[in-house]
Amino acid sequence: MANHLLRWLAVWFRNALAWRKSIKTALLGGLAEPLFNLFALGYGLGHFVGEVDGITYIAFLTAGIISLSSMNAATFEGLYLAYTRMAVLKTWEGMMAAPLSIGDIVMGELLWMASKSLISASLILLVASGFGLTADWHVLWVLPIAALSGFCFGSMALVMTSYAQSYDFFVYYITLGVTPMILLGGVFFPPDALPGIIRQGSACLPLYHIVEMIRPLVSGRFAWTLLTHLIVPLAFTLISTMFAIWRFKRRLLR
Amino acid sequence: MINTPVPKPSPIIVHAENLSKHYGKLCVVDGISFQINQGEFCGILGPNGAGKTTTLKMLVGNTPSTSGKLTVLGLPIPQQAREMRGRIGVVPQADNLDPDFTVVENLRVYGRYFGLKRTEVEKRITELLGFVALEEKADACINQLSGGMKRRLSIARALINRPELLILDEPSTGLDPQIRQNIWQLLRQLQREGLTIILTTHYMDEAERLCGRIILMDHGHILADRTPEELVRERIEPHVLEVFGTSVKAWKMANPLTGPIRCEQVGETCFYYGADLTSLVKTLDGWPGLRYDYRPANLEDVFLKMTGRELRDG
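What counts and how
- Residues numbered from 1 in each chain as written.
- Chains lettered and ligands numbered in written order.
- Predicted model: local features only at pLDDT ≥ 70, side-chain atom pairs only at ≥ 80, totals over all residues.
- Heavy atoms only, no water.
- 1 Å grid on protein atoms, 1.4 Å probe; cavity = no way out; pocket = protein on both sides within 12 Å on 5 of 7 lines; lining within 4 Å.
- Points joined across faces, edges and corners; volume = space filled by probe spheres on them.
- Helix = DSSP H or I, 4+ residues; strand = E, 2+ residues; numbered from the N terminus.
- Nonpolar A, V, L, I, M, F, W, Y, C, P; charged D, E, K, R; others polar.
- Pairing = 2+ DSSP bridges.
- Axes fitted to C-alpha atoms, helices over the stretch in contact; angles between N-to-C directions.
- Buried < 20%, exposed > 50% of the residue type's maximum accessible area, 1.4 Å probe, protein only.
- Contact = heavy atoms within 4.5 Å.

Here the focus is the layout of surface pockets. The space that makes up the largest pocket amounts to roughly 920 Å³. Lining the largest pocket are 39 residues, and of these Gly30, Asn72, Ala73, Phe76 and Lys116 of chain A sit closest to its centre. Residue assignment for the lining of the largest pocket shows that the elements contributing at least two residues are α1 (2-21), α2 (23-49), α3 (57-88), α5 (102-130) and α7 (170-184) of chain A. Considering every element that reaches the lining of the largest pocket, the biggest residue donor is α3 of chain A, with twelve residues. Among the residues forming the lining of the largest pocket, the class breakdown is 20 nonpolar, twelve polar and seven charged. Of the voids in this model, the second largest pocket is the one considered here, and its volume is about 690 Å³. Surrounding the second largest pocket, 29 residues form its lining, Glu93 of chain A together with Thr53, Lys57, Asn62 and Pro92 of chain B being those nearest its centre. Put simply, the parts of the chain that give the lining of the second largest pocket at least two residues each are α3, α4 (91-97) and α10 (231-252) of chain A together with α1 (52-59), β6 (88-91) and β7 (165-169) of chain B. With five residues, α4 of chain A is the largest single contributor of residues to the lining of the second largest pocket. Here the lining of the second largest pocket is composed, by residue class, of 15 nonpolar, six polar and eight charged.

Where strands meet in a sheet, backbone hydrogen bonds hold them as pairs that are either parallel or antiparallel. All names here are of chain B. An order of β12-β13-β11-β14 is seen for the four strands of this open sheet, with the pairing classed as antiparallel. Strand pairing shows two members of the sheet lacking a second neighbour, β12 (262-266) and β14 (290-296), which therefore form its edges. Adjacent strand axes in the sheet meet at a mean angle of 15 degrees, parallel and antiparallel pairs treated alike.

The next subject is empty space enclosed by the protein. One pass over the structure, following the stated rule, counts two cavities of 30 Å³ or more. The space that makes up the largest cavity amounts to roughly 90 Å³. In this structure, the largest cavity is lined by Thr91, Gly94 and Met95 of chain A together with Asn96, Leu97, Asp98, Phe101, Asn106, Val109, Tyr110, Tyr113 and Arg157 of chain B. Elements with a contribution of two residues or more to the lining of the largest cavity: α4 of chain A together with α3 (103-113) of chain B. When residues in the lining of the largest cavity are grouped by element, the largest group, four residues, is from α3 of chain B.

What follows covers the environment of Ala140 of chain B. All names here are of chain B. Along the chain, the position of Ala140 falls in the loop between α4 (118-131) and α5 (147-158). Classification of Ala140 by relative accessible area gives buried; the value is 12%. Considered as a pair, Ala140 and Leu304 are 164 residues apart in the sequence and their alpha carbons are 43 Å apart. When residues no more than four places from it in sequence are discounted, the contact partners of Ala140 are Thr102, Val103 and Leu145.

Next comes the structure, spelled out in structure tokens:
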């Protein structure tokens with residue numbers, strides 16, 4: 001196990017170094033945009049909406065934006081950047097000439113995607129806390145959930161990447177997968193507002209459960225029952241990871 | 001000494017027995033057997049589609065064979081491919097250096113893939129930058145390097161783990177003549193230090209100058225497995241006369257062949273093969289539109305004779 005982790009960390013280290021080199025643009029894109037959304041929509045729209053589920057709209061939205069950013073960070077990394085490393089720069093080819101297997105590469109990439117989700121969620125949490133939008137210390141539980149979100153959406157993105165022949169392919173996933181998930185997952189408004197059948201559908205989506213866990217933690221309503229929301233994201237993570245490894249083996253080891 | 005591999009009891013580096021690779025119904029490698037011993041510099045030659053690159057992919061364990069047995073450094077492949085890859089170096093056909101990183105960072109990151117200790121990697125980087133003469137470029141970005149520098153860095157990167165076997169896929173394709181000479185010099189030095197080297201190429205001069213042994217492949221088969229000297233001695237007539245120019249046809253008509261001379265015509269060039277072609281050479285004087293080259297046969301002649309002259313695209 002220790003050896004495995006060491007190999008995954010070698011891949012993680014490569015990506016972390018590349019990220020550090022472009023830290024300014026990375027942080028601007030990963031932090032500034034969600035914060036604009038949070039404050040513009042939170043105060044602007046919040047003025048008309050008032051309270052949702054007993055909390056101010058901006059407090060409600062904070063949890064949504066944290067979930068959304070953790071998803072976006074991993075999705076972008078797993079689609080565009082992973083595809084670049086696999087098909088354009090041939091970084092993976094170099095790794096495969098070294099003692100790393102496809103499994104090692106996928107796990108290392110996923111560790112990095114989880115790290116990016118964690119970084120993104122932490123920074124937004126920090127700013128939100130500064131504005132008094134978080135309730136108590138239980139909010140720290142958001143961090144492991146953000147990392148799980150990274151594993152989950154990162155592995156789903158990698159499945160897409162394993163099929164991609166060009167960047168254009170990702171439009172399908174973004175338009176038909178990610179965007180509906182954002183709108184139905186409770187990021188901007190509670191899914192209760194939706195018709196019954198759609199509401200039940202959204203309960204199958206991992207983002208819904210991530211939001212359902214993060215929201216009570218941000219607004220100070222910690223409860224052990226929240227753990228049940230782990231099941232769907234964990235299942236998605238497990239299945240997507242195994243499927244992605246299988247797909248990449250078929251694609252790259254031929 | 002830039003690369004001093006730890007001596008291993010078994011001098012057999014690669015052992016392939018009846019190795020085949022099929023893609024669906026297409027047979028790319030068809031039951032090849034060969035053995036490469038420690039310290040050999042072996043070239044795998046063949047036209048496009050001969051099965052060279054697939055053979056290399058099987059060697060490094062990046063594609064499973066359909067049938068046959070393969071061991072590299074005594075380890076069964078692909079079962080223990082990862083362990084084996086920790087002990088070899090691979091230089092890919094197209095450089096896959098990390099453009100985001102400097103020269104040193106490229107080596108540092110790659111050293112991590114092998115699980116090497118930080119201090120060991122740093123020491124190795126200093127040695128390798130000296131070996132490939134890139135000390136001054138240590139902190140330069142990859143896109144500031146010339147094609148030759150990138151190639152040298154790729155070679156340095158493949159040596160980071162002090163490999164016992166170095167595999168190069170067309171190491172000098174796309175490089176200008178000076179840089180090719182420079183790359184050859186590096187490879188020769190590595191071989192002198194005892195490193196076993198396998199390369200694929202379709203430059204015959206490269207194979208002739210570097211390789212002590214040549215495995216000539218076509219259509220998934222091994223056509224010959226010899227030293228370059230043996231190939232030239234055994235598989236082709238001693239001399240070649242190339243005649244080219246606009247009046248080739250007229251000259252040919254006027255000088256019908258006598259004796260054991262073989263002729264091949266490609267466009268406006270005629271190739272004559274035989275033991276002694278001097279009588280033919282004499283007839284060339286007085287034909288103003290003609291140019292010719294009379295020379296000993298070389299590896300390229302063997303290659304063309306054994307694999308044919310038709311074009312191989314893709």
